[in-house]
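Secondary and tertiary structure notes
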Number of protein chains: 2
Amino acid sequence: MLSNQSKYAIRAVLYLAIHSDVKNKIGTKEIAEKIDIPAPFLAKTLQSLSKAKLIHSIKGPNGGFYLNKEDQKKNLLDIIECIDGLRKFNECFIGLPRCSDENPCAIHHVVKPFKESLIKELTTNTIEDFAKETQKGKSFIFLK
Amino acid sequence: MLSNQSKYAIRAVLYLAIHSDVKNKIGTKEIAEKIDIPAPFLAKTLQSLSKAKLIHSIKGPNGGFYLNKEDQKKNLLDIIECIDGLRKFNECFIGLPRCSDENPCAIHHVVKPFKESLIKELTTNTIEDFAKETQKGKSFIFLK
DNA sequence: ATATAAAAAGACATTTTTATCTTTATATTT
DNA sequence: AAATATAAAGATAAAAATGTCTTTTTATAT
Ligand code: FES
Ligand code: FES
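The structure contained in this document is the topic of the report that follows. (Residues numbered from 1 in each chain as written. Chains lettered and ligands numbered in written order. Predicted model: local features only at pLDDT ≥ 70, side-chain atom pairs only at ≥ 80, totals over all residues. Heavy atoms only, no water.)

1. Observations regarding the protein's contact with DNA strand D
- Lining the immediate surroundings of DNA strand D are 27 residues, of which Pro38 and Pro61 of chain A together with Gly27, Gln47 and Ser57 of chain B lie closest.
- A share of 63% is what sugar and phosphate atoms reach among the atoms of DNA strand D within 4 Å of the protein.
- Within the contact set of DNA strand D, a base oxygen lies 3.3 Å away from a backbone nitrogen or oxygen of Gly60 of chain B.
- Residue assignment for the surface near DNA strand D shows that the elements contributing at least two residues are α1 (4-19) and α3 (39-51) of chain A together with α3 (39-51), β1 (56-58) and β2 (64-66) of chain B. (Near = heavy atom within 4 Å. Polar contact = N/O pair within 3.5 Å; in protein donor to acceptor, adjacent residues only side chain to side chain. Helix = DSSP H or I, 4+ residues; strand = E, 2+ residues; numbered from the N terminus.)

Below you can see the structure in the form of structure tokens.
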């Protein structure tokens, strides 16, 4: 479904949502170790998110990445859109040139409801919402 | 979501479901042209399905691929499983080493219901079912 | 001011996916 | 039996995704 890069991005952003703020920036090395993904690739990924202003960063000693209050209010589809684009969510499940109710593919009616509700879930919940569930210990962003 | 190869496989199988039977075999060239995908890649794909006995084939003049009665009763997850495997459907949405209710990732609860219902739709409907809807003109497997 | 630590940028390498081409095996038709 | 059409198998190529390494820039601390 998602690319590895998007998955990494989501996990990293949730990690930042829980552990960072403007006073506590976190470097790629720490994040990569904690969520167990390749550090250089993560760096690239976070730089993309940063360029898109979905997260923020400061260079130099004590620098690193962090989420500010506004960033916390964004949603996971914003993250996915930045890394993978939304094509996956708009395109036909079996590869027809377009996906529409007017010209549905053979499995459009079976697939579309899920696609739509998933998008809704990913947009109506904020990053902060997901982070809170994780902080409560009800869910995880890494497993030992 | 699905690989191109799985998408091609599904469209090709639906094409066969509609146009072929043991008396009317169809070659890769015709299928590839009709559903507008690369013929050599499709050949590879159909060979995999054939080896898995999900579809059938006969070599030589007037040979080709076809679906027999049993094949028509199979479902699309069988096709996907043969080409992509089921890993995609079992694995965690954000890439944790496993997906489970006991150790849910941050978005497990949001994603899992869709995954399960989608699997149900793809397994309870047969290939024949989808083909019939297409034959009735209610859905398509190619668009001009 | 200088040294340092970190992101940013860019170049490079590997793997996977996608696609093509060539040869071989095998049914069918003549 | 021979010719032919087609799937099957295998080898190769191209593109995309993933991953690594090196250099540059910049904010901070000394
Ligand atoms: S047309 Fe195929 S999923 Fe909508
Ligand atoms: S644990 Fe992540 S989707 Fe189930």
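Having seen the structure, we can now continue with the description.
2. A look at the pattern of salt bridges
- Here the structure, examined in full by the defined rule, presents 18 salt bridges over all chains.
- Ionic pairing is found between Glu91 of chain A and Lys7 of chain B, a salt bridge with its closest N-O pair at 3.4 Å. On the criterion of chain membership, the pair formed by Glu91 of chain A in the loop between α6 (87-90) and α7 (108-124) and Lys7 of chain B in helix α1 (residues 4-19) is interchain, its members lying in two chains.
- According to the relative accessible area criterion, Glu91 of chain A is partly exposed, its value standing at 25%.
- Given the relative accessible area of 7%, Lys7 of chain B is considered buried.
- The shortest N-O distance in the salt bridge between Glu133 of chain B and Lys136 of chain B comes to 3.2 Å.
- Overall, Glu133 of chain B belongs to the partly exposed group, its relative accessible area being 30%.
- Linked by salt bridges that have partners in common, Lys7 of chain A together with Arg87 and Glu91 of chain B make up one network. (Salt bridge = Lys/Arg side-chain N within 4 Å of Asp/Glu carboxyl O. Buried < 20%, exposed > 50% of the residue type's maximum accessible area, 1.4 Å probe, protein only.)

3. Structural notes on helix α5 (residues 76-84) of chain B
All names here are of chain B.
- Buried residues of α5: Leu76, Leu77, Ile79, Ile80 and Ile83, and no others. Axial view of α5: buried residues confined to an arc of 155 degrees, hence all on one face.
- On its buried side, α5 packs onto α1, α3, α6 (87-90), α7 (108-124) and α8 (127-135).
- The N-cap residue of α5 is Asn75: its side-chain oxygen and the backbone nitrogen of Leu77 are 2.9 Å apart. (Arc of directions from axis to C-beta. Contact = heavy atoms within 4.5 Å.)

4. As for the packing of aromatic side chains
All names here are of chain A.
- A full pass over the atoms with the stated rule returns two aromatic pairs over all chains.
- Here Tyr8 and Phe41 contribute two aromatic rings whose centre-to-centre distance is 5.9 Å and whose plane-to-plane angle is 90 degrees, an arrangement assigned as edge-to-face. One end of the pair, Tyr8, is in helix α1; the other, Phe41, is in helix α3, with 33 residues separating them in the sequence.
- Using a relative accessible area of 15% as the deciding quantity, one classes Tyr8 as buried.
- Of the residues examined, Phe41 reaches a relative accessible area of 35% and is grouped as partly exposed. (Phe/Tyr/Trp six-rings, centres within 6.5 Å; stacked < 30°, edge-to-face > 60°.)

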